[in-house]
Amino acid sequence: MRRIFWVTLGASAGVLVVRRLTAAANRYTPEAVARRASGLGDRLAAFSAEVRAGMAEREAELRDSLGLDGRHDQVDAHTLPEPGR
């Protein structure tokens, strides 16, 4: 009875090791690496789009708060220095 237990335990451990090694080997095939790389490219593109949108929003906020948004571009005639002075 003991031998059957140890043989079963050894066979189960062997099956688990083979399955894990096969899964690890499949992760590093050229197709799997290319699939992961394309997913990474998509995530990077989405991240950069979010960063650009945030930058544009923050720039608009700064321009508005500093008066650089174009609403204050008209020159007041009373603030111009007189010619010859």
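The present account deals with the structure reproduced in this document. (Residues numbered from 1 in each chain as written. Predicted model: local features only at pLDDT ≥ 70, side-chain atom pairs only at ≥ 80, totals over all residues. Heavy atoms only, no water.)

1. What to know about the overall build of the chain
So, point 1. Scanning the chain from N- to C-terminus turns up 2 helices and 0 strands.
So, point 2. The buried share of the chain, reckoned over its 85 residues, is 2%.
So, point 3. Surface accessibility of the chain: about 8,100 Å² in total, with carbon and sulfur atoms responsible for 62%. (Helix = DSSP H or I, 4+ residues; strand = E, 2+ residues; numbered from the N terminus. Buried < 20%, exposed > 50% of the residue type's maximum accessible area, 1.4 Å probe, protein only. Areas by Shrake-Rupley, 256 points an atom, 1.4 Å probe, with all protein chains shown as cover.)

2. Looking at helix α2 (residues 30-66)
So, point 1. In this model, α2 (37 residues) spans 53 Å end to end at C-alpha, consistent with the 54 Å of a helix rising 1.5 Å per residue.
So, point 2. Within two residues after α2, Gly 67 carries a phi angle of roughly 75°, on the positive side. (Expected span 1.5 Å × (residues − 1).)

3. A short note on the pattern of salt bridges
So, point 1. Scanning the model with the defined rule gives 2 salt bridges in all.
So, point 2. In this structure, Glu 59 engages Arg 63 in a salt bridge whose closest nitrogen and oxygen atoms are separated by 3.3 Å. Here Glu 59 pairs with Arg 63, and both are found in helix α2, just 4 residues apart, close to one helical turn. (Salt bridge = Lys/Arg side-chain N within 4 Å of Asp/Glu carboxyl O.)

4. Side note on a nonpolar patch on the surface
So, point 1. A contiguous nonpolar patch, built from Phe 5, Trp 6 and Leu 9 and spanning about 350 Å² of accessible area, is present on the exposed surface.
So, point 2. Tracing the chain through its elements places Leu 9 in helix α1 (residues 2-27). (Patch = residues over 30% accessible without salt bridge, like charges linked within 9 Å, V, L, I, M, F, W, Y side chains within 5 Å.)

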